[in-house]
Amino acid sequence: MKLLVIGSGGREHALAWRLAQSPRVETVFVAPGNAGTLNEAKLQNINISTHEEMIKFCQKEKIAFTVVGPEAPLSAGIVDAFERVGLAIFGPTQYAAQLESSKDFAKAFMQKYHIPTAGYQTFSDAVAAHDYVNQKGAPIVIKADGLAAGKGVVVAMSLEEAHGAIDDMLVGNKMGLAGSRVVIEDFLEGEEASFIVMVDGEHVLPMATSQDHKRLLDHDSGPNTGGMGAYSPAPVVTDAVFERVMTQIIQPVIDGMKAEGHAYTGFLYAGLMIDQTGAPFTIEFNCRFGDPETQPIMMRLESDFSELIEAALAKKLDQVQAKWSDKAAVGVVLAAKNYPDTPETGQVITGLDTVTNTEQKVFYAGAKNSEDKVLVSGGRVLCACALGASIAKAKEQAYELVEQIHFDGMQYRHDIADKAIK
């Protein structure tokens, strides 16, 4: 069968690569794809971007199903458009995708369905927002209401930083339309984890646990980014925490969406903060697989991924199980110079052809082909991943891979997975 994956990042490279491992899959088209998906066996890039073009392509090529990688097409209603013409697509509707596309919608939804999360207020008026911050004090969290590619969150450790973030978003328009409203949240302490599940409207199939590293620099310092690396599994998600997340967070979302008349189908990602008592709180929801969590998770998945998605589309997720490697996986993001603010592009990437170990894999993101070279084309350029008998071994193998790759201005963290190793 032929499949379509929508997107151009490291997440889409990993999803398409894993789908292509199935003997049932003939070709995975990736729209638009990147330099990595261009050279991968059974993968084919296709330069289409509008809903109409994708619908026509799927009808012409008899695509069995489509998987949506990034958030923007979901919030623009691509699932609704496909479903109207009877095409199989895995992802939430435009209404359900508001869990990610509007922080205010998500917070109100969590409040309504008693899902544990930080206290908050929403503001479009800068003066009122400044007053609220003065009243609450720091640390405090300032979030752009809309989609900001993982960069619309400021964890302000001082009042000065909080006021600066409010001015950037509401006065300086730094986030554009996404920041025309801000959600101001209480600061939560604990350890973060990423909890990703597949949902078929009623049943839930959990993916392997993982932890993302949002800050640019070692020891969780520097600005927030789209993610600088991830590892799987996440030891902080014990069996007890897993049960609490499923019953207190995931199931109430599924039940709540059903009650709203919009059954949730697709990947659901809960970004969690787990406190010292093991109580999970929801930091955010994403309506798709995380990036860079997808890369290590897909390295560990041993099931036929296409069968899992077909089960979800048939509303039979309760009849399948996902099989995971006992090995751990670590992924290290290699980012462009000046990422996340003004990433520089155009640099030549070398060392990509040195990977021979089957337990190591480089997933491409902001990279494009130019004649016989691969060039930097975005902020997060590559994700160097590896499997290992332990998280420490996987980390060692991932950084061995990093050392083989070079481009001018390349930046990366040196401490991915250290929390798990400790």
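All of the points below concern the structure found in this document.

About the thresholds
- Residues numbered from 1 in each chain as written.
- Predicted model: local features only at pLDDT ≥ 70, side-chain atom pairs only at ≥ 80, totals over all residues.
- Heavy atoms only, no water.
- Helix = DSSP H or I, 4+ residues; strand = E, 2+ residues; numbered from the N terminus.
- Rg over C-alpha atoms; globule rule 2.2 N^0.38 Å.
- Buried < 20%, exposed > 50% of the residue type's maximum accessible area, 1.4 Å probe, protein only.
- Contact = heavy atoms within 4.5 Å.
- Salt bridge = Lys/Arg side-chain N within 4 Å of Asp/Glu carboxyl O.
- Polar contact = N/O pair within 3.5 Å; in protein donor to acceptor, adjacent residues only side chain to side chain.
- Pairing = 2+ DSSP bridges.
- Phe/Tyr/Trp six-rings, centres within 6.5 Å; stacked < 30°, edge-to-face > 60°.
- Arc of directions from axis to C-beta.
- Axes fitted to C-alpha atoms, helices over the stretch in contact; angles between N-to-C directions.
- Core = buried A, V, L, I, M, F, W, Y, C linked by side-chain atoms within 4.5 Å.

This brings us to the overall build of the protein. Regarding its fold elements, the protein presents 14 helices and 23 strands. For 422 residues, the compact-globule formula gives about 22 Å, and the C-alpha radius of gyration of the protein, at 20 Å, lands near that figure. Taking the principal axes of the C-alpha coordinates as reference, the protein spans close to 60 × 50 × 40 Å. In the protein, which comprises 422 residues, the proportion classed as buried is 59%. The contacts in the protein between residues at least 6 apart in sequence include a share of 68% that link residues at least 24 apart.

Here the focus is the pattern of salt bridges. Enumeration according to the criterion identifies 22 salt bridges in this entry. One salt bridge connects Asp145 with Arg181, and the closest N-O pair in it is separated by 3.1 Å. One end of the pair, Asp145, is in the loop between strand 7 (140-144) and strand 8 (153-156); the other, Arg181, is in the loop between helix 9 (159-171) and strand 9 (182-186), and 36 residues separate them in sequence. In this structure Arg181 comes out as partly exposed when scored by relative accessible area, which is 33%.

Turning next to the environment of Asp145. Assessed through its relative accessible area of 9%, Asp145 is described here as buried. Side-chain polar atoms of Asp145 contact the side chain of Ser102, separated by 3.0 Å.

Taking strand neighbours across the sheet as the criterion, the 5 strands line up as 12-15-18-23-20 in an open arrangement whose pairing is antiparallel. Either end of the sheet is taken by a strand with one partner, and the two such strands are strand 12 (211-212) and strand 20 (360-364). Across 8 bridges, the pairing between strand 18 (residues 328-335) and strand 23 (residues 380-388) is antiparallel. Note that in strand 23 the partner of Leu334 across the bridge is Leu382.

This next bit is on the packing of aromatic side chains. One pass over the full model with this rule turns up 11 aromatic pairs. A centroid spacing of 5.3 Å and a plane angle of 70° characterise the contact between Trp17 and Phe363, whose relative ring orientation is edge-to-face. Of this pair, Trp17 sits in helix 1 (residues 10-20) while Phe363 sits in strand 20, placing them 346 residues apart in sequence. Classification of Trp17 by relative accessible area gives buried; the value is 13%. Between the aromatic rings of Phe90 and Phe267, the centroid separation amounts to 5.0 Å while the plane-to-plane angle is 90°, which identifies the pairing as edge-to-face. Of this pair, Phe90 sits in strand 5 (residues 89-90) while Phe267 sits in strand 16 (residues 265-274), and the two are 177 residues apart along the sequence. Of the two residues, Phe90 and Phe267, both sit in the buried class.

Listed in full, the buried residues belonging to helix 8 (residues 126-136) are Ala126, Ala129, His130, Tyr132 and Val133. Each buried residue of helix 8 sits inside an arc of 160° when the element is viewed along its axis, so together they form one side. Among the exposed residues of helix 8, those pointing more than 90 degrees away from its buried face are Val127 and Gln135. Positive phi shows up at Gly137, right after helix 8, with a value of about 85°.

Below, the discussion takes up the sheet that holds strand 10 (residues 191-200). The strand order across the open sheet formed by 4 strands is 11-10-16-17, and the pairing between neighbours is antiparallel. Either end of the sheet is taken by a strand with one partner, and the two such strands are strand 11 (204-206) and strand 17 (280-286). Direction aside, neighbouring strands of the sheet carry axes that sit 35° apart on average. With 10 bridges joining them, strand 10 and strand 16 adopt antiparallel strand pairing. Directly across from Ser194, in strand 16, lies its bridge partner Gly271. Each of strand 10, strand 11, strand 16 and strand 17 touches helix 10 (residues 239-259); the most contacted strand, strand 16, lies at about 130° to it. Set on the sheet, helix 12 (residues 305-313) makes contact with strand 10, strand 11 and strand 16; between it and strand 10 the angle comes to about 65°.

In terms of nonpolar packing, the biggest core is built from 80 residues, with Leu99, Ile250, Leu268, Ile349 and Leu382 touching the most fellow members. Tallying contributions element by element places helix 10 first for this core, with 8 residues. Residue contacts for Ile349: discarding those within four places in its chain leaves Ala367, Val374, Leu375, Val376, Val381, Leu382, Ile405, His406 and Phe407.

Turning our attention to the side chain of Ser303. Looking at the secondary structure, you find Ser303 in the loop between helix 11 (294-300) and helix 12. Ser303 sits in the buried class, given a relative accessible area of 14%. At 2.5 Å, the side chain of Ser303 forms a polar contact with the backbone nitrogen of Lys323. When near neighbours in sequence (up to four residues on either side) are disregarded, Ser303 contacts Leu308, Gln321, Ala322 and Lys323.

It is worth spelling out helix 7 (residues 103-112) at this point. Where burial is concerned, most of helix 7 is hidden: 7 out of the 10 residues are buried. Every buried residue of helix 7 is accounted for by Lys103, Asp104, Phe105, Ala106, Lys107, Phe109 and Met110. Buried residues belonging to helix 7 abut helix 6 (98-101), strand 6 (120-123), strand 7, strand 9, helix 10 and strand 17.

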